[in-house]
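Spelled out from the first residue to the last, the chains are:
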Amino acid sequence: MAVTMICPNLKCGRTVVAAEAARGKVVRCAHCQILFLVPRDARSTGEGAPAEPPPAQPEDTKRRGRR
Ligand SMILES: [Zn+2]
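Here's what I pulled together on the structure shown here.

**Structural notes on the overall build of the chain**
- Along the backbone of the chain there are one helix and four strands.
- Of the regular secondary structure in the chain, the N- to C-terminal order runs β-β-β-β-α.
- Relative to its full complement of 67 residues, the chain shows a buried share of 4%.
- Partitioning the intrachain contacts of the chain with sequence separation of at least 6 by distance along the chain shows that 21% fall at a separation of at least 24.

**Some details on the environment of Val-26**
- Within the secondary structure, Val-26 sits in strand S3 (residues 26–28).
- Separated by eleven residues in the primary sequence, Val-26 and Leu-37 place their C-alpha atoms 4.3 Å from one another.
- Ignoring any residue separated from it by four or fewer positions in sequence, one finds Val-26 in contact with Leu-35, Phe-36 and Leu-37.

**A word on unusual backbone geometry**
- With a phi angle near 70°, Gln-33 is a residue other than glycine that sits in the positive phi range.
- Mapped onto the secondary structure, Gln-33 falls in the loop between S3 and strand S4 (35–37).
- Residue Gln-33 is classed as exposed on the basis of its 9 C-beta neighbours within 10 Å.

**Remarks on the environment of Ala-22**
- With respect to the secondary-structure elements, Ala-22 resides in the loop between strand S2 (15–19) and S3.
- Residue Ala-22 is classed as partly exposed on the basis of its 17 C-beta neighbours within 10 Å.
- For the pair Ala-22 and Pro-39, spaced 17 residues apart in sequence, the C-alpha to C-alpha distance is 8.9 Å.

**Let's talk about the environment of Asp-41**
- Note on placement: Asp-41 falls in the loop between S4 and helix H1 (60–63).
- Classification of Asp-41 by C-beta neighbours within 10 Å gives exposed; the count is 7.
- Between the C-alpha atom of Asp-41 and that of Gly-24, which follows or precedes it by 17 residues, the distance is 8.7 Å.

Rules behind the numbers
Every chain begins its residue count from 1, and numbering advances along the sequence as written. Only residues with pLDDT of 70 or above have their local features reported here, since the model is predicted, and side-chain atom pairs are shown and tallied only from 80 upward, although totals for entire chains, interfaces and linings are computed over all residues. Each helix is a run of H or I in the DSSP string that is no shorter than four residues. Each strand is a run of E no shorter than two, and both are numbered from the N terminus. Burial is judged by counting other C-beta atoms within 10 Å of a residue's own C-beta: 20 or more means buried, 12 or fewer means exposed, and anything between counts as partly exposed, with every C-beta placed from the backbone. By definition, residues are in contact whenever their C-beta atoms, placed on the basis of the backbone, come within 7 Å of each other.

Purely geometric numbers; function is a separate question.
Have a look at this one:
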């Protein structure tokens, strides 16, 4: 498995793939050579946008069954 991150260097911004074992450690961006920390809770490869819980909907809608 691998951890995919975006390079924190704004001038670079490339995708950086680090090994799972690199979590919590410093890695080097292969593109711009800067060093940065791999967050421990970084998502693994293949994850898209973070899942957001849907906003709570009022149950009123169901009861409005007027005819
Ligand atoms: Zn970079």
